[in-house]
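Coordinate inspection notes
Letter by letter, the chains look like this.
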Amino acid sequence: LEVPVLTELMKRNSVSLDESRVAELLKKATEEALLMYSAESDNYIFIHDRIREASRGSIADEDKDDLLLHLSLVLQQLANGPETEWCLFVAVDLLNSLPSEKTNCNDLARLNMRVSVIARNRGIVEKQNDLLHEGLQCLKSSGKLWEDYNLTLSLLNDVIPCDRELGCFDKATAAIDEVLANAKTLDDKFIANVNQFMVKRDSSRDYGTAIEDGIKILNMYGYKIPLKPTKADVVKQEMKAKMALKNRPYSCLAEIPVKDDPIFQLFTHVCECALFQSHDRLLTVLLKRLIRRVIDDGMGKEFPGTFTILGMLVQKKGKVQASTEIGNVALLLLEKFKSDKIIYARTKMIIIASLGFQLQSFRSQADALLQCHKDLKFVGSIENAMGAGLAYFGTYLSAGFPLGPLLESKLQIVEEFGYRYDKRSFAVLFKMLRQFAINLRKRSDNPTEFNGDAYKEEETLNGMNEQLRKMTLRDSGAYRIQLAFIFGDNECMTSMLDILSTYPYTFHDVVRLHLRLCFMGLSAFAVKYKNKEVGEKCLEYFQKLTKAGSLNAKPVYLFMLAMKKPSKSAFESAIDATKEASTLHLEAMAKEQYGLYLQQQNEDKLSNDCLASSYFSYYDWGAHSKALRMTQQYPFLAKSSRIKAKSLFSASSNTETSSQSQSAEKSVVSSTRRVSYVYNSTFRSKKEVKEKS
């Protein structure tokens, strides 16, 4: 402790020492090796725990409790700002250690609740949880649990989501039962029912049952929502919402005042479950009903996130611009709740990952997602922090940022964080990502399999229920098909296509959908997959986004066109697009596929130059295992020059006319001016030629 603090603590029983005398005593204790001085923090600490225990043992038993009570009161008085908040943590711990007759149970419960808020804001979730349970326990042990109704209700309503966050579902359920048995108002019972719904949903991950439970609660409180709405129900709700908006754009919702209401929380979580189950009709009815509720009564802090789900529904219909506009409105509404760190970071993460990446580049938003992850982790919102982390690392890989040991270490940190808080399903995804990065970086006999130190797929899947297994297979398949395409494993590409083609070609997470459809399409054209519809559906997805102006979709779309109908001009356009988008991983793959195509055309010299350039791109990306395999496949790479390989795609030379033979590509990405181009993107030479009339 610092000298001024010790001076205050030692003022007891009419004994008072000045700071110089206290400093003198501390110096003497330091010389006798009882204490140790830290110059960095200007602080004194016991040199060993045994010495601390011995000093406590020297205090008479009958005096210990009074001394601890005195210390805790002084520490509370010293706590007058963020820098001295530690005093409250020490004070409450001292008071919690005292017999109940030495403290006022209500005052101590309030102090526990006050310090729990500080712990939550600092992201110390376990401490928050301990303090809330201590507050409840001191009320129970005194026999005055419900003497102060509002105090006990506040403690229980705080501890329930905390227990749920930590995976302590039995404790959370017991607290909910306590509230339901003693609640005095309809609103208090409603909040308990909402908490019960969320605990059951999180503990079982049975979204179908959760939807039924949520709809029952909504109906119980006057919201007549059909569990299985008909088309007529959807039209009816859409018309009512349109009338409530009075033909105004959604941006008018920014004028709606804020109103705190637990109904928004329930609507949000039921909508999320409906989204996960792809119940689009029910989702539409819920969202349109909620919009009317907002216009009539005000907006809760959960609404911007729920409104984003409407954008996802519009997105599924292929309306890119409309869904992006909804995302922009959601960001506008979110500014009303910037002071709520959890809501702000969580909702921003959802908007970026689900709607923002439709048009904006992965590179431009990666840092924003990382900040969301850090903010959510800091305030102790564990599940949301894991979700933001997953979105960030998915974005990192989609952008083609460098692989390497540092990336793997970061993935392992988040993975261990997930296991620590019993978020096993998230932790498994980070193990999968880490194994993906390891397979690309380290030499392996079977680089397309997930059977390494980080992730053993078969062993993991065997321990899962059917629903979780299906979801995990979708994600592992997306990464394994990418590995199969990179390493040219046709058998694995085919088997992964057999699995992945059974899943919908839409998903609320744009990053994960992008990865999956990208390599499904490329692989389908590479192996000439039996079901031609698979490749065409993937191509159509990226074509629509490219038409809308998506920076992420264009290089993928042109690459798929080149794989579908190989030609020099097609591959050169694809390579040019990957370089323009700075997607180094796609650039490496496109160059390699171009080199293989040129081999078939017996253009060996140009083919070798392309493969050499691809080799160095793979190496720069960090896919050293792939680069090594290329040197084994193509011995000439041992003598290749990086400068020469680089010059292939930068020097002005051959000016072969690029006719853009693919009519689909021409309609999407060509200029509308009445000119044609003498253009070879491989050699970066381009000149305008007047079009003949």
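Predicted, not measured: the structure shown is a model, and the values here were computed from it. (Residues numbered from 1 in each chain as written. Predicted model: local features only at pLDDT ≥ 70, side-chain atom pairs only at ≥ 80, totals over all residues. Heavy atoms only, no water.)

**Thoughts on the overall build of the protein**
Scanning the protein from N- to C-terminus turns up 33 helices and four strands. Structurally, the protein occupies a C-alpha span of about 105 × 70 × 50 Å along its principal axes. The buried share among the 693 residues of the protein stands at 52%. Taking all contacts inside the protein whose residues are at least 6 apart in sequence as the whole, residues at least 24 apart take part in 64%. Surface summary for the protein: the accessible area is close to 32,900 Å², and the carbon and sulfur share equals 50%. (Helix = DSSP H or I, 4+ residues; strand = E, 2+ residues; numbered from the N terminus. Buried < 20%, exposed > 50% of the residue type's maximum accessible area, 1.4 Å probe, protein only. Contact = heavy atoms within 4.5 Å. Areas by Shrake-Rupley, 256 points an atom, 1.4 Å probe, with all protein chains shown as cover.)

**Concerning helix H14 (residues 280–297)**
Along its 18 residues, H14 runs 25 Å from first to last C-alpha, staying within 8% of the 26 Å computed at 1.5 Å per residue. With 13 of 18 residues buried, H14 lies mostly within the body of the structure. Immediately beyond the C-terminal end of H14, within one or two residues, lies Gly 298, with a positive phi of roughly 110 degrees. (Expected span 1.5 Å × (residues − 1).)

**Digging into helix H10 (residues 186–204)**
The terminal C-alpha atoms of H10 lie 27 Å apart, and with 19 residues this matches the ideal 27 Å at 1.5 Å per residue to within 8%. Taken as a whole, H10 has its buried residues at Asp 188, Phe 190, Ala 192, Asn 193, Val 194, Asn 195, Phe 197, Met 198, Val 199, Arg 201 and Asp 202. The inward-facing, buried residues of H10 abut helix H8 (149–165), helix H9 (169–182), helix H11 (207–220) and helix H13 (262–276). Positive backbone phi, at 55 degrees, marks Arg 205, one or two positions downstream of H10.

**A few points about the packing of aromatic side chains**
Applying the stated criterion across every chain yields a total of 21 aromatic pairs. Note on Phe 571 and Tyr 594: the rings are 5.5 Å apart at their centroids and 20 degrees apart in plane angle, and the pair reads as stacked. Linking Phe 571 in helix H28 (residues 568–580) with Tyr 594 in helix H29 (residues 584–600), this pair joins segments that are 23 residues apart in sequence. By the burial criterion, Phe 571 is buried, and Tyr 594 matches it. Summarising the aromatic geometry, the rings of Tyr 634 and Phe 636 are spaced 6.1 Å apart at their centres and angled 45 degrees between planes, so their arrangement reads as tilted. According to the relative accessible area criterion, Tyr 634 is buried, its value standing at 11%. Aromatic ring contacts, followed pair by pair, group Tyr 392, Phe 393, Tyr 396, Phe 401 and Phe 430 into a single cluster. Directly above the aromatic system of Tyr 149 lies the positively charged group of Lys 184, at a separation of 4.6 Å from the ring centroid. Lys 377 extends its terminal NZ or CZ atom over the ring of Phe 417, reaching a point 4.8 Å from the ring centre. (Phe/Tyr/Trp six-rings, centres within 6.5 Å; stacked < 30°, edge-to-face > 60°. Lys NZ or Arg CZ within 6 Å of the ring centre and 35° of its normal.)

**Re the packing of H11 against H13**
At a minimum axis distance of 9 Å, the contact between H11 and H13 shows a crossing angle of 150 degrees. For the crossing formed where H11 meets H13, the hand is left-handed. For the pair H11 and H13, contact is made by Tyr 207, Ala 210, Ile 211, Gly 214, Ile 215, Ile 217 and Leu 218 and by Ile 263, Leu 266, Phe 267, Val 270, Cys 273, Ala 274 and Phe 276, respectively. Here the residues of the contact of H11 with H13 are counted per class, giving 13 nonpolar, one polar and no charged. (Axes fitted to C-alpha atoms, helices over the stretch in contact; angles between N-to-C directions. Left-handed = near helix turned anticlockwise from the far one by under 90°. Nonpolar A, V, L, I, M, F, W, Y, C, P; charged D, E, K, R; others polar.)

**Some words on the packing of helix H5 (residues 86–96) against helix H6 (residues 105–121)**
The interhelical angle for the contact between H5 and H6, taken along N-to-C directions, is 140 degrees, at an axis separation of 10 Å. In this structure, H5 meets H6 at a crossing whose hand is left-handed. Packed against H5, whose contacting residues are Leu 88, Phe 89, Val 92, Leu 95 and Asn 96, the element H6 presents Leu 108, Leu 111, Asn 112, Arg 114, Val 115, Ile 118 and Ala 119 at the interface. Here the contact of H5 with H6 is composed, by residue class, of nine nonpolar, two polar and one charged.

**With respect to the nonpolar core**
Counting residues in each nonpolar core, the largest one holds 209 residues, and the members touching the most others are Phe 303, Phe 307 and Phe 559. Not counting residues up to four positions away in its chain, the partners in contact with Phe 303 are Leu 253, Phe 264, Leu 290, Ile 291, Val 294 and Leu 333. Counting six residues, the second largest nonpolar core, distinct from the first, contains Val 22, Leu 26, Ala 29 and Tyr 44. (Core = buried A, V, L, I, M, F, W, Y, C linked by side-chain atoms within 4.5 Å.)

**Notes on unusual backbone geometry**
If a residue is not glycine, its phi is most likely negative; likewise, a peptide bond is most likely trans. Despite not being glycine, Asp 422 has its phi angle at roughly 60 degrees, a positive value. Relative to the assigned elements, Asp 422 resides in the loop between helix H20 (405–420) and helix H21 (424–441). A positive phi is found at Lys 528, a non-glycine position, where the angle reads about 50 degrees. The topology assignment puts Lys 528 in the loop between helix H25 (510–526) and helix H26 (532–548).

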